[in-house]
Every structure is written in C-alpha cells, then in structure tokens.
Amino acid sequence: MTQETLALHYGYEHDGFGTMAVPLYQTTAYDFGSAQKAANLFALKELGPIYTRLNNPTTDVFEARIAAVEGGEASLATASGQAAIFFAIANLAEAGDNILVARKIYGGSTTLLTHTLKRFGIQAKTFESDKADDLEALIDDKTKAIYFESLSNPQIAIPNIEKIVSIAQKHNIVSICDNTVATPILLQPLKLGVDVVVHSASKYITGQGLAIGGVIITRFGLNEKLIKNPLYPQFNEPDESYHGLVYADLPFPLFTLRARLSLLRDIGAVPSPFSSWLFIQGLETLSIRMKQHSSNAYKVAKYLKSHPKVKSVNYPGLEDDPQHDKAVKYFKDAQTSGLLSFEVEDFESAKNILDSTKIFAVVVNIGDSKSIITHPASTTHQQLSSEELEVADIPEGLIRLSIGLESSEDLIADLAQAIG
Ligand SMILES: *Cc1c(COP(=O)(O)O)cnc(C)c1O
C-alpha cells in the first residue's frame, strides 16, 4: 500500500461502535481482569496495555501508523523530539562511549548531544555531513552511534547519506537519522539503509503547531545488527533491572522494545494519549501538506532569487541551488519541504523585514501550517559575535522562513512589501 493510504488506515480496526475516528483512550491504567493475565503481561508472555507510561491503545495506533508510513518495522512514541533523540542514544551508548554527530543539526540536538550527554560520560565527536569525508577516521572501538539530519534545521543542508550509511554498515555501528524536516513523505532514510529514524512530531507531523512529541522508528532487520554485536552488550547480556532478561532471546524488534521496557519505564518521557491522538490527525494530511509546503516554498524561493535586494537564497529544491543534485538524488520529486533561507544586506535590513511582514509570524518553530519568519542572528544565535556567526554559517542578514499553507501569491506579496 502507498503512504497516503497507510497514513489514513494502518493500525486501527473499527471498535464495537464502528468508530471512524481512532478513539482517544485517555487513561492511566488498565484492568487486567485476572491475576494470571497480569502475571503474563509482566513476564512478557503476552503483550498488551499495562500502564500508560509503557503503552496506550491510542499511542499504539500512532506508533504503528508512523512506522508504516516511514517504511519501518517498529516504533516508540515519546514526549518530545528531544526525548526521542535522548532515548535513541541512551539505548546504545553508556559512560565511556562516544558518538559521532553531524555538525549541521538542530541547536537543541547539539546542546543535548555535545554538552548534556558529556555529563553522563558520553563524548560526541563532530563530522562534516555534507561530504562525510572525515567520518570514518573518527571511529574507534567505543563508537556506538552515528547521528545526522536528513535535511538539517536551520542550515537546510543535505548530507551525503549514502556514504554515512556505508560507513555505519562497514563498522557495524547503528546509524540514526533525524527526519523531522524532510518527513517520510519526501524522504525515507530507512529505505536508504539507515538503522534508526527519529522525529520531532511537534513540527510537520502535527502540522498545525498543536503539540510536542517525538518518535523513534527502526528498519526491518535491525535485530541482526544488534544480536551478538560486541558493541552492544545491553541487548545480548542479562538485564538486571528485568530479572535477568536477555533481549536478544525475544522474538520482537529489539531496539524499540528495550527503549520501552527500560528507558521509557524508568525515565518516563511518554506522550499524553491526547498528543498521540493529535499526531494521528496530523498524519492523515501529511502527504498533501508536504507537497503544498514544498510547492509554495519553491515559488517563494524563485521570487526571492529574482529580487535585487536579496543577496542569496538557500533552497535545495531550486534547479540552480548548489545542493540541487542531492535534492534530486534523495528527495521525492526533488521537493524539499517548506524550509528556506535568504540573505539581505545587513542586520538592520533583516530586522526591518521581520517587523514589516503581516502574514509571517515571528516565531522560533518550523512546520506549522502558518508561515513563520526568523532572524537567527538576533534570536537563536544572539549570543554569538560577528566572527562566531561566520564560523556557524549564519550571516547577520540571514532570514529563515518556514513556508506554510497560505496561498503563495499572498506570501510573495507580503515579502515584496516588507523587503521594499
Ligand atoms: C524541533 C526539533 C527537534 C526537537 O524536537 P522537540 O519536539 O521540540 O523536542 C529535534 N530535531 C529537529 C530537526 C527539530 O526541528
């Protein structure tokens, strides 16, 4: 079945009432009915709802559906994108280990992976994902994961996915790709050989800026990489916190199972059933939205490119963009989402444009159906000096747009009057 159909139907059989919409099971716990049933569930002899910190029937539908749309085998929903990233790494690495992290990624991921995890004893080494020429040399016998974004936020950079995947395969290391900006509609990393995908569901998946959430999705056959792999004893040796359970002995997708039974159980960053229900609504329209975001952004990018006061435009979907080859290679119909950036003369002109737009909201978010404008130099990267901004590839006059679902004519007219 195609993604469009899976996004509307997968993982839900109508209940006794024939309810068309997936029911919202807003509950903390479940009546087991008998002591034996309770014992079976706790011993993993049968699977089923135990307590909403571990699983929930509404969240189950979201998990099954997003896994199907992403082309994956199994998934685990979390309270935020940040929690999904943390669990994905914590499932693989421990104190004394290291992870390889692309330099061009989301700011929150950089602080989590390079600063916060350092205090847990996990060291991050950064690589340049555009070419990934420096990646292999960073690997040692303590390297447990390779982390990158398929379309990076906010740099809008497309990595050399093929090379990253082949190095991860050669060294038997798990690769993790944050697919938040591309979404499975435009790019399916698991089909390119990536092992684990993470998402912030807060962006395009919910689509209307309604809720914070995240999800981890794994590829078919990932078990083979984990079982008997000396890099990952946690899947192959008895888990003391689960009376000596050896995950590798179980007939289930192991990565999400362990993340659920050990990390979600203990750390508890679980989505509310209501958020999962909102993500299910978002998934239903994800494919038409991504096409519309992309075609709107393409038209806006083309307009900006022709404007005399615009120094440069960064949108890989444009035919003459330096990254267009990679957009064609990896992205469906070379459509690259609603994220674009452009540069004007200086700091002051950029600020004036932000203050003059009427439709665009000044917000630090992306993936909303409403258009958003941000000026990184005065907000997210305010603490950096002019020299530091240059190193970070953030010119003072850089403006980032998350193009929404308004008519492209209105968006272009708004930018035209604001740029002047
Ligand atoms: C927003 C974002 C995150 C973090 O997700 P939250 O849901 O806000 O925790 C991670 N990665 C990318 C690419 C993002 O845009």
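Residues numbered from 1 in each chain as written. Predicted model: local features only at pLDDT ≥ 70, side-chain atom pairs only at ≥ 80, totals over all residues. Heavy atoms only, no water.

**Observations concerning the side chain of Ser-150**
Part 1: Among the secondary structure elements, Ser-150 is positioned in the loop between β4 (143-149) and α6 (161-170).
Part 2: Those residues in contact with Ser-150, other than ones at most four positions away along the chain, are Ala-157, Ile-158, Pro-159, Cys-177, Asp-178, Asn-179, Ala-182, Leu-187 and Phe-331. (Helix = DSSP H or I, 4+ residues; strand = E, 2+ residues; numbered from the N terminus. Contact = heavy atoms within 4.5 Å.)

**Quick notes on the packing of helix α4 (residues 81-90) against helix α9 (residues 254-267)**
Describing two packed helices takes the angle between their axes plus the distance from one axis to the other.
Part 1: Axis separation between α4 and α9 bottoms out at 10 Å; the angle between their running directions is 115°. As far as their axial angle goes, α9 and α4 are roughly perpendicular. The handedness of the crossing between α4 and α9 is right-handed. For the pair α4 and α9, the contacting residues are Phe-86, Phe-87, Ala-88 and Ala-90 in the first and Phe-255, Arg-258, Leu-263, Leu-264 and Ile-267 in the second.
Part 2: Along the lines of polarity and charge, the residues of the contact of α4 with α9 split into eight nonpolar, no polar and one charged. (Axes fitted to C-alpha atoms, helices over the stretch in contact; angles between N-to-C directions. Parallel < 35°, antiparallel > 145°, perpendicular 65-115°, else oblique. Left-handed = near helix turned anticlockwise from the far one by under 90°. Nonpolar A, V, L, I, M, F, W, Y, C, P; charged D, E, K, R; others polar.)

**A look at the sheet that holds strand β12 (residues 398-402)**
Part 1: If you trace the five strands from one edge of the open sheet to the other, you get β8-β9-β12-β11-β10, paired in mixed fashion. Strand pairing shows two members of the sheet lacking a second neighbour, β8 (312-314) and β10 (361-362), which therefore form its edges.
Part 2: Sheet analysis places β8 next to strand β9 (residues 339-343), joined by three bridges and oriented antiparallel. Bridge assignment links Val-313 to a residue of β9, and that residue is Phe-342. (Pairing = 2+ DSSP bridges.)

**Topic: the domain arrangement of the protein**
Part 1: Per the domain assignment, the segments of the protein are domain 1 (3-274) and domain 2 (287-419).
Part 2: Counting residues at the interface gives 34 residues for domain 1 and 31 residues for domain 2.
Part 3: The largest contributions to the domain 1 side of the interface with domain 2 come from Ile-156, Leu-186 and Tyr-204, which together make up 30% of the buried area.
Part 4: For the pair domain 1 and domain 2, the number of links is two salt bridges.
Part 5: A salt bridge links Glu-162 to Lys-329, with the nearest nitrogen and oxygen atoms 2.6 Å apart. (Domains from an automatic or database assignment. Buried area = accessible area lost by both parts, 1.4 Å probe. Salt bridge = Lys/Arg side-chain N within 4 Å of Asp/Glu carboxyl O.)

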